[in-house]
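Next come the chains, spelled out residue by residue.
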Amino acid sequence: MSSSAADTASASEAFNPHLVDLDTADPRTVVCYLNASPNDYDGRVGLRISALFVIMATSSLTTLFPVLAARIPRLRIPRYVYLFARYFGAGVIIATAFIHLLDPAYEEIGPASCVGMTKGWDAYSWPPAIAMTSVMLIFLLDFGAEWYVEQKYECDQADISIEKVITTFPAHTTDGATSTDDGNTSESHDDCHDSPRKQSTIGHDAHSSHQFLHSGDQDDQDAQVSAAHPTAPSPTGTHSSHDHSKDTIDIESHAFLTGDSPASERIFREQIAAFLILEFGVLFHSVIIGLNLGVVGEEFSTLYPVVVFHQAFEGLGIGARLSSIPFPKRLGWMPWALCLAYGLTTPIALAIGLGMATTYESTGFTASIVSGILDSISAGILLYTGLVELLARDFLFNPNRTRDITRVLFMLACMFTGCFVMALLGKWA
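Draft legend 1. Representation of the overall build of the chain. Assigned secondary structure in the chain consists of 12 helices and two strands. With 429 residues in all, the chain has 53% of them scored as buried. Contacts in the chain between residues at least 24 apart in sequence constitute 84% of all its contacts with a sequence separation of at least 6. Summed over its atoms, the accessible surface of the chain is roughly 19200 Å², and 65% of this surface lies on carbon and sulfur atoms.

In C-alpha cells, the structure reads:
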C-alpha cells in the first residue's frame with residue numbers, strides 16, 4: 001500500500017463522523033469519508049452472467065452490421081439509415097467524452113476528490129491536464145500518419161463514396177459511368193501515376209485521401225467512381241490514354257474494401273491510424289464499465305439496461321466508421337478482429353469484476369487513481385476524434401459536403417440526438 005493510501009486509511013479510522021467540527025476538521029478527511037463506500041456487491045450472479053452474454057451479443061452485432069452491409073449486397077440499407085448510424089454514432093462519441101469520461105475523472109482525481117486533496121495530487125487539476133496531453137499526443141500521431149502517407153504516396157486517389165457501397169442507392173450505368181442525382185453520368189479518374197510527384201492537383205485537392213472516410217455526406221456528383229473500363233469515353237467524348245485497370249477501385253464489386261491498388265493502400269494507411277485511436281479510447285472506457293457492472297450493488301438493475309444501450313450506440317458509431325476503411329487483402333481479417341475486440345472487452349471486464357466482486361472497491365484510493373487516469377486519457381482521445389475527425393472533417397472542412405439542405409438537417413439532427421441520448425444515459429452510468 002502506498003503512503004498516500006495508508007494515510008487515507010489511518011485518517012478514515014481516526015475520523016468520527018458523529019463528532020466532527022467542520023470549522024476545525026481537515027476537509028480532506030471529510031471528503032474521503034463521504035466518498036468512501038464499502039463493497040456493496042449483492043449477488044444476483046445469474047443476472048450478471050446473463051448481462052455478460054447480452055452485452056457481448058449487442059456490442060458485436062451493432063458493430064458488425066455496418067461492416068457486413070458494406071460487403072454483402074443483400075444487406076445494403078437505405079441511405080438515410082446509414083447516415084443515421086454514422087452521425088448518431090458521432091454524437092454518441094462526443095457525449096461519451098464529456099459526460100461518461102471527463103466528468104467521472106473529476107470525481108475520481110479532481111481537485112474536490114479524496115485523491116485530488118491528497119498531498120502530491122493537490123498541486124494541480126489533473127483531469128484536464130491529462131486529457132489535454134492526450135489530445136496533443138493523438139494529434140501528433142494523427143498528423144505523423146498523414147504526413148508519412150503523403151510523403152510515401154505522392155498522388156491523388158480515386159474519388160469514392162462509401163455511401164454507394166453500404167446503401168441501396170443506384171450505382172453504375174451499363175457503359176461504366178456513374179449515375180448522378182440529376183440523371184447525368186460521369187467518370188472519375190485515379191490520379192496515382194508512375195511519376196514520383198503529383199502530375200496535377202487542380203480540381204483534385206478537394207478529394208484528398210483523408211477525406212475518403214468522410215464521403216458519406218457528399219453529393220453524388222462530387223464523389224463518384226466508375227467501373228474502370230480502359231476505353232470508356234470521357235465526359236468530353238474522348239478516350240482515356242491512361243490504363244486504369246490496375247488502380248481503379250470498383251465500387252460495385254466492393255474491391256476497394258479489400259483491394260491492393262495504390263489508391264486503396266494509401267487510404268488504408270492513413271485512415272487506420274485515426275480509427276485505431278478511436279477504438280483505443282473506447283476500449284479503455286469499456287474496461288471501466290465492465291468492472292463496475294460486475295461489482296455494483298443495488299444499482300445493477302438500473303445500470304444493466306443502460307450499459308446495453310450505451311454499448312450498442314457506441315458500437316454503431318464504430319461500425320459505421322470501420323465500414324468505410326479499405327483494408328488490403330493481406331489484412332482482410334482485421335475489420336472482424338476490431339469488431340470482436342469491441343464486442344468482447346466489456347464482457348471480459350465484467351467477468352473479471354465478478355471474480356473480484358467481494359474484494360474490489362471501485363471508490364478505493366488506488367482504484368480511483370487508476371480509473372481517473374484512464375478516464376482522462378480516454379476523454380482526450382475521444383474529444384480529439386469526435387470534434388476533429390468526425391465533426392470538423394465532415395461538416396467544416398469537407399469540400400464535398402452535400403448541398404442538399406434536407407440531408408444536412410437530417411445529419412445534424414442525428415448527431416444532436418446521439419449527443420442527447422448518450423448524455424441522458426450519463427444520469428445513470
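We are not done yet, so read on.
Draft legend 2. Spatial organisation of the side chain of Thr402. Among the structural elements, Thr402 can be located in the loop between helix H11 (365-396) and helix H12 (405-425). Residue classification places Thr402 among the buried positions, given a relative accessible area of 4%. Here the side chain of Thr402 touches Asp404 through a polar contact of 3.0 Å, landing on its backbone nitrogen.

Draft legend 3. Seen up close, the pattern of salt bridges. Scanning the model with the defined rule gives three salt bridges in all. The closest approach of N and O atoms between Arg86 and Asp394, which form a salt bridge, is 3.8 Å. One end of the pair, Arg86, is in helix H4 (residues 79-109); the other, Asp394, is in helix H11, and 308 residues separate them in sequence. The same class applies to Arg86 as to Asp394, namely buried. Among the salt bridges present, the one from Arg393 reaches Glu389, with a minimum N-O distance of 3.4 Å. A residue pair is termed a helical-turn pair when its members lie 3 or 4 positions apart in one helix, as Arg393 and Glu389 do in helix H11 at four residues. Here Glu389 falls in the buried class, since its relative accessible area comes to 4%.

Draft legend 4. Main features of the packing of helix H3 (residues 45-71) against helix H10 (residues 334-355). The contact between H3 and H10 brings their axes to 9 Å, and the two run at 170 degrees. In terms of orientation, H3 and H10 fall into the roughly antiparallel class. Across the contact of H3 with H10, the residue classes tally to 17 nonpolar, five polar and two charged.

Draft legend 5. Focus on a nonpolar patch on the surface. Nonpolar side chains collect at one region of the surface, where Leu137, Phe139, Leu140, Phe143 and Trp147 lie side by side and expose about 540 Å² of accessible area between them. Turning to its location among the elements, Phe143 is positioned in helix H5 (residues 126-152). Look at Phe143 and you get partly exposed, because its relative accessible area is 45%.

Draft legend 6. Focus on the packing of aromatic side chains. Taken as a whole, this structure holds 12 aromatic pairs when the rule is applied. Where Phe280 meets Phe284, the ring centres are 4.6 Å apart and the plane angle is 45 degrees; that geometry is what we call tilted. Of this pair, Phe280 and Phe284 both sit in helix H8 (residues 262-295), four residues apart, which is roughly one turn of the helix. An angle of 40 degrees between the planes, with centres 5.5 Å apart, marks the rings of Phe300 and Tyr304 as tilted. Residue Phe300 and its partner Tyr304 are both found in helix H9 (residues 300-322); the two are separated by four residues, about one turn of the helix. One exposure class covers both Phe300 and Tyr304, and it is buried. Following the ring pairs from residue to residue traces out a cluster consisting of Phe84, Phe88, Phe309 and Phe313. The ring of Phe300 has Arg48 sitting right over it, with the charged end atom 4.6 Å from the ring centre.

Draft legend 7. Here's a closer look at the state of the cysteines. Summed over the entire model, instances satisfying the criterion amount to one disulfide. The residue that forms a disulfide with Cys32 is Cys114, at a sulfur-sulfur distance of 1.9 Å. Its S-S torsion of approximately 90 degrees makes the covalent link between Cys32 and Cys114 right-handed. Pair noted here: Cys32 is in helix H2 (residues 27-35) and Cys114 is in the loop between H4 and H5, with a separation of 82 residues, a long-range link.

Parameters at a glance
Along each chain, numbering runs from 1 in the same order as the chain's sequence is written. This being a predicted model, a pLDDT of at least 70 is required before a residue's local features are given, and a value of 80 or more before pairs of side-chain atoms are given or counted; all residues contribute to the totals for chains, interfaces and linings. As a rule here, side-chain values cover all heavy atoms of the structure and leave hydrogens and water aside. For helices the rule is a DSSP run of H or I covering at least 4 residues; for strands it is a run of E covering at least 2, with both sets numbered from the N terminus onward. Partly exposed describes any residue whose relative accessible area lies between the buried limit of under 20% and the exposed limit of over 50%, with all areas from a 1.4 Å probe on protein chains only and scaled to the type maximum. By definition in these notes, contact holds between two residues if any of their heavy atoms fall within 4.5 Å. Computed with the Shrake-Rupley method and a 1.4 Å probe, the accessible areas treat only the protein chains shown as cover for residues. Polar contacts, as counted here, are pairs of nitrogen or oxygen atoms within 3.5 Å of one another; within protein the pair requires one atom able to donate a hydrogen and one able to accept it, and residues that are adjacent in sequence qualify only if both atoms are side-chain atoms. We define a salt bridge as a side-chain nitrogen of Lys or Arg found within 4 Å of a carboxyl oxygen belonging to Asp or Glu. For helices, the axis comes from a line fit to the C-alpha atoms of the stretch in contact; other axes are also lines fit to C-alpha atoms, and the angle between any two N-to-C directions lies between 0 and 180 degrees. Each angle receives one of four descriptions, namely roughly parallel if under 35 degrees, roughly antiparallel if over 145, roughly perpendicular if within 65 to 115, and oblique otherwise. Classes in brief: Ala, Val, Leu, Ile, Met, Phe, Trp, Tyr, Cys and Pro nonpolar; Asp, Glu, Lys and Arg charged; the others, Gly included, polar. A patch consists of residues whose relative accessible area exceeds 30% and which take part in no salt bridge; residues with like charges are grouped when within 9 Å of each other, and nonpolar side chains (Val, Leu, Ile, Met, Phe, Trp, Tyr) when within 5 Å. The rule is short: rings of Phe, Tyr and Trp, with Trp giving its six-membered ring, pair when the centres are within 6.5 Å, and they are stacked under 30 degrees, edge-to-face over 60, tilted in between. A ring is considered to have a charge above it if a Lys NZ or an Arg CZ atom is located within 6 Å of its centre and within 35 degrees of its normal. Cysteine sulfur atoms that come within 2.5 Å of each other are treated as a disulfide pair.

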